[in-house]
Amino acid sequence: MNRPSDGADPASVHRPSRTSFVRGAGIDLAVYEWGSLAADPLVLVHGLTDTHRVWSDVAVLLADGFRVITYDVRGHGRSDGPNACADYRLDRLAEDFFAVIDRVSPHRPVHVCGHGWGAVQIWEAVCDERANTRIASFTAIAGPNLDHVGSVLRELVTHPRDTVQMLADHRLWWRGGRTVRIAAQRLGLPPRVRTWAIELLGGYSRAHATFAPTWRSDLGAGARIACVNLAHHLLRPRHRHTAVPVQLVVDTTDVFVPPFLYYSSARWVDRLWRSSIPADHWLPVTEPLLVAEAVANFVDDLEAANTSHPGTDSAGR
């Protein structure tokens, strides 16, 4: 993986090699790319109130082995932002994702990694039947499938003893980081404000701030996504199954997305890997090397498995 030299200009190092616009589900999406067009395509999807910039460090690290593709989710960054909350449903966000990969990699399945609500919306995509031929692997960071969580919560309500045991088994989630980081996460502050508050009261350096001048509109779009999807899927969960290989990168000290939210993932995923690490919620900016290695190693392992089983296809199935 690439590592920027100490004397390199950060702005030039992190600048994407190519930019374009792709027509999504009724809107235009801003797309950014690093690396060779001939390399395996890898799509990185950001979460609420962020933009593609949250992936800049990770993209640079992975650009020597992948064609790295990011895009601003609808309503964020330079992508169009509809006003109606209904236009931010998970099915619309999944259609945007498929529109992007159909444009940038029409004949080749892509690997994908999502963070936070970026992972939540890709769960919607990997449970679509199109994913069987279009998605080679999925790495989810700090983002569960809302329908899976809703199903588990419904079961726990009817079996309260299991709730106590589950919390005991996942007691690590009670051990958070600094109080200010927890507060910033729970309030859903935009990156600029969040990073300023964390730095001021003793957290990670301002060097990790990955905010865009569009942060006000990003915050509004993020609120629409959460409002229209969270309660809907938790209260009315669907049976959502996938055959796509899935890697869960679970932050064991993340109080924003506690590990027990992945409690039943294996029930719905045919091929599931889980990597537990003691890190905070904002891994793409605080631990980009760790994220890059997790994604690259997962892809390498899948490719090695496919090589040893020639009967499988390029997506590992």
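Above this text you will find the structure in question.
Report follows, based on the coordinates. (Residues numbered from 1 in each chain as written. Predicted model: local features only at pLDDT ≥ 70, side-chain atom pairs only at ≥ 80, totals over all residues. Heavy atoms only, no water.)

**A closer look at the sheet that holds strand β4 (residues 66–71)**
Put simply, the rule is: Any two strands between which DSSP finds at least two bridges are classified as paired. Numbering of helices and strands runs from the N terminus, with a helix taken as a DSSP run of H or I at least four residues long and a strand as a DSSP run of E at least two residues long. A fitted line through C-alpha atoms represents every axis, and for helices the fit uses only the stretch in contact; the resulting angles, taken between N-to-C directions, go from 0 to 180 degrees. Residues are treated as being in contact if the distance between any of their heavy atoms lies within 4.5 Å.
Strand order in the open sheet formed by 8 strands is β1-β2-β4-β3-β5-β6-β7-β8, with mixed pairing between adjacent strands. With partners counted over all chains shown, the strands left at the sheet margins are β1 (18–23) and β8 (272–277), one partner each. Between one strand axis and the next, the sheet turns through 20° on average, direction left out of account. In the packing of helix α4 (residues 117–126) onto the sheet, the strands contacted are β3 (40–45), β4, β5 (110–115), β6 (135–141) and β7 (246–251), and the crossing angle to β6 comes to about 150°.

**Points about the pattern of salt bridges**
Worth spelling out the cut-off: Note on definitions: salt bridges are taken to be side-chain nitrogens of Lys or Arg within 4 Å of carboxyl oxygens of Asp or Glu. Relative accessibility thresholds used throughout: buried, under 20% of the residue-type maximum; exposed, over 50%; partly exposed, between the two (1.4 Å probe, protein chains only).
This model, assessed by the stated rule, comprises 12 salt bridges. With a shortest N-O distance of 3.3 Å, R18 and E33 are connected by a salt bridge. Of this pair, R18 sits in strand β1 while E33 sits in strand β2 (residues 28–34); the two residues are 15 residues apart in sequence, bridging distant segments of the chain. With a relative accessible area of 6%, E33 lands in the buried category.

**Describing the packing of helix α6 (residues 146–158) against helix α10 (residues 215–235)**
Formally: Roughly parallel covers angles under 35 degrees, roughly antiparallel covers those over 145, roughly perpendicular covers 65 to 115, and oblique covers all other angles. By definition, any crossing whose near helix is turned counterclockwise from its far helix by less than a right angle is left-handed, and any crossing with a clockwise turn is right-handed.
Two elements in contact, α6 and α10, have axes separated by 7 Å at closest approach and are oriented at 45°. As far as their axial angle goes, α10 and α6 are oblique. The way α6 lies across α10 gives a crossing that is right-handed. Taking contact as the criterion, the partners of L146, D147, V149, G150, L153 and R154 in α6 are, on α10, N229, L230, H233, L234 and L235.

**A word on the packing of aromatic side chains**
Rule in force here: Under the pairing criterion, centres of Phe, Tyr and Trp rings, with the six-membered ring standing for Trp, must be within 6.5 Å; the plane angle then separates stacked pairs below 30 degrees from edge-to-face pairs above 60, leaving the rest tilted. In our convention, an over-ring charge means Lys NZ or Arg CZ found within 6 Å of a ring centre and within 35 degrees of that ring's normal.
Applying the stated criterion across every chain, the model contains 3 aromatic pairs. Seen from their ring centres, W123 and F138 are 5.3 Å apart, and the 85° between their planes marks the pair as edge-to-face. On the criterion of sequence distance, the pair formed by W123 in helix α4 and F138 in strand β6 is long-range, its members being 15 residues apart. The two residues W123 and F138 agree in class, both being buried. Ring plane angle 65° and centroid distance 5.2 Å describe the contact between W273 and F298, whose orientation is recorded as edge-to-face. With W273 in strand β8 and F298 in helix α13 (residues 288–308), the pair connects residues that are 25 residues apart, well separated along the chain. For W273, a relative accessible area of 36% corresponds to the partly exposed category. When the ring centre of F98 is taken as reference, the NZ or CZ atom of R130 above it lies at 4.1 Å.

**Observations concerning the nonpolar core**
Basically, it comes down to this: Residues belong to a common nonpolar core when they are buried Ala, Val, Leu, Ile, Met, Phe, Trp, Tyr or Cys residues joined through side-chain atoms within 4.5 Å.
Among the nonpolar cores identified, the biggest contains 77 residues, and V43, F97 and F138 are the most heavily contacted of them. Per-element tally for this core: the top contributor is helix α3 (residues 90–104), with 8 residues. Excluding residues that lie within four positions of it along the chain, F138 makes contacts with V112, G114, A119, I122, W123, V126, V244, P245, V246, Q247 and F298.

Honestly, it's all geometry; don't read function into it.
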